[in-house]
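Architecture at a glance
One-letter residues, chain by chain:
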Amino acid sequence: MDSLSLAQARRVALGAQGLHRPRPGTTGGDAGGVTMRRAMATVERLNLLQIDSVNVLARAHLMPLYSRLGPYDPGLLDRASGRAPRRLVETWAHVASFVPAETYPLLEWRRRNYLDEAWGTIAGAPLAHAAEMDHVRRLVAERGPVTAREIHDELVATGRSGPRTREEWGWNWTTAKRCLEFLFFTGEVMSAGRNSAFERCYDLPERVLPPAVRAAAPVPDDEAVRRLLELGARAHGVGTVRCFADYFRLRGPSVRRARDELVEAGMLEPVDVRGWAEPTYRHREARVPRRAEARTLLSPFDPLVWERRRLEALFDVYYRIEIYVPAPKRVLGYYVLPFLEGDAITALVDLKADRQAGVLRVQAVHPTPHAGPDTAAALATELDVLAGWLGLDDTQVAPVGELAPALTGVLRAA
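Cut-offs and rules
Residues numbered from 1 in each chain as written. Predicted model: local features only at pLDDT ≥ 70, side-chain atom pairs only at ≥ 80, totals over all residues. Heavy atoms only, no water. Core = buried A, V, L, I, M, F, W, Y, C linked by side-chain atoms within 4.5 Å. Buried < 20%, exposed > 50% of the residue type's maximum accessible area, 1.4 Å probe, protein only. Contact = heavy atoms within 4.5 Å. 1 Å grid on protein atoms, 1.4 Å probe; cavity = no way out; pocket = protein on both sides within 12 Å on 5 of 7 lines; lining within 4 Å. Points joined across faces, edges and corners; volume = space filled by probe spheres on them. Helix = DSSP H or I, 4+ residues; strand = E, 2+ residues; numbered from the N terminus. Salt bridge = Lys/Arg side-chain N within 4 Å of Asp/Glu carboxyl O. Pairing = 2+ DSSP bridges. Polar contact = N/O pair within 3.5 Å; in protein donor to acceptor, adjacent residues only side chain to side chain.

This next bit is on the nonpolar core. In terms of nonpolar packing, the biggest core is built from 137 residues, with Leu-57, Leu-351 and Leu-379 touching the most fellow members. The contact partners of Leu-351, leaving out residues within four places of it in the chain, are Val-56, Leu-57, Leu-297, Tyr-335, Leu-337, Leu-360, Arg-361, Val-362, Leu-383 and Leu-386.

Spelled out as structure tokens, the structure:
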């Protein structure tokens, strides 16, 4: 069995994610612009982009490309997912995600097994809203692309649904939204794109999927799970089976069978990572970069930091998202981004884009034990780049966190 030090394993993980090199346009990076080809190559390396509604800084699916490519035109992703032939489509993958269109057939088993794979609000929709479901199907077929709000208005106007209330805790989905999300989960409808309010525009699969994907032969369930596990391993480079399975939220005996088959085929190689107690594997194509030189901020929804136990084992950093933690109980902040400096995470930064004031607000900044004497200066440079990409004119630091004074000093000097 091959052996890796933790430092080597970190570089393998960063290399697999495209986070080992300086970004284009930065010191040590190339000066090439971010084209559609380059953006899609990055997405294909990651396999998916998680979607989340929180927009306190930037939409979750936009940040991973920024972290790897630097400032780029977000319209590239809008075109890739909203215009035919679509390179990206939405489906339930890690969670709600953009995936390359060619990956969509590999998740058909999940769409078919919605009773086990979806949560109650979605899985129970056919029984709870049987009459409305058929009407929603017809409206999408006749009017698509169409939003849940437009379908809701039609159901209310025809007496099939009452007006929306906000008495319940949580998302307060309308009947239309529940029906559409069930149809979306099962693949009866798809997202043809997002409007300016980031609402899904639902349409029929035959009007969304590229012809080659529609014509592809069905993938047997075991083969689909094996290919998805391999994609997760390729994107991670090195890790445990739990890490690889979490990438597409795989579970059950089929994961172990897929692991065994990938090991037998030589696609996964058992490896001893010194200091990592669990059995680990390396993808056959993973390489150990000689250096890791990127400096970049990572979204809470970045694939490198999804699996928090993996992050702690590899980078010796305890990190949790605290969006759903009551404000008085938060330790790090609301929307905290890890700052990657070389092969170390050196700071945890709570950020907010105050678009009305044109200010990037650093609401807290905490060093990790791996912070160095130049961390504040490196972070200040990165915040300046991020603010420019977001169209913000200034960066202001609140006096919260041990690194705040040093960061404030660097920004004032600049």
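To find leftover empty space, a probe the size of one water molecule is rolled over the atoms. Here the second largest pocket defines a volume of roughly 410 Å³. Around the second largest pocket, the lining comprises 22 residues; the ones closest to its centre are His-61, Leu-62, Pro-74, Asp-78 and Phe-198. At the level of secondary structure, the elements contributing two or more residues to the lining of the second largest pocket comprise α4 (75-82) and β5 (190-194). Top element by residues in the lining of the second largest pocket is α4. It accounts for 4 residues.

Under the definition given, this model contains 30 salt bridges. Between Glu-117 and Arg-110 there is a salt bridge, with its nearest N and O atoms 3.3 Å apart. Using a relative accessible area of 22% as the deciding quantity, one classes Glu-117 as partly exposed. As a salt-bridge pair, Glu-199 and Arg-149 come within 2.8 Å of each other at their nearest N and O atoms. Of this pair, Glu-199 sits in the loop between β5 and β6 (200-203) while Arg-149 sits in helix α10 (residues 148-157); the two residues are 50 residues apart in sequence, bridging distant segments of the chain. When its relative accessible area of 47% is taken as the criterion, Arg-149 is described as partly exposed. If you follow the salt bridges from partner to partner, you end up with Glu-90, Lys-177, Glu-181, Arg-194 and Arg-200 in one network.

Let's shift gears to the sheet that holds strand β2 (residues 49-50). The sheet built from 3 strands is open, its strands ordered β2-β4-β3 with antiparallel pairing. Looking along the sheet, the strands with just one partner apiece sit at the ends: β2 and β3 (88-92).

So, on to the sheet that holds strand β7 (residues 238-239). The sheet built from 4 strands is open, its strands ordered β1-β8-β9-β7 with mixed pairing. Of all the strands in the sheet, just β1 (2-4) and β7 have a single pairing partner and so form its edges. Direction of pairing for β1 relative to strand β8 (residues 268-273): parallel, over a ladder of 3 bridges. Looking across to β8, one finds that Ser-3 is bridged to Asp-272.

Let us now look at the side chain of Thr-296. By secondary structure assignment, the location of Thr-296 is in strand β10 (residues 295-297). Here the side chain of Thr-296 touches Ser-67 through a polar contact of 2.9 Å, landing on its backbone oxygen. Leave out the neighbours within four places in its chain, and Thr-296 touches Leu-19, Arg-23, Tyr-66, Ser-67, Pro-338, Phe-339, Leu-340 and Glu-382.

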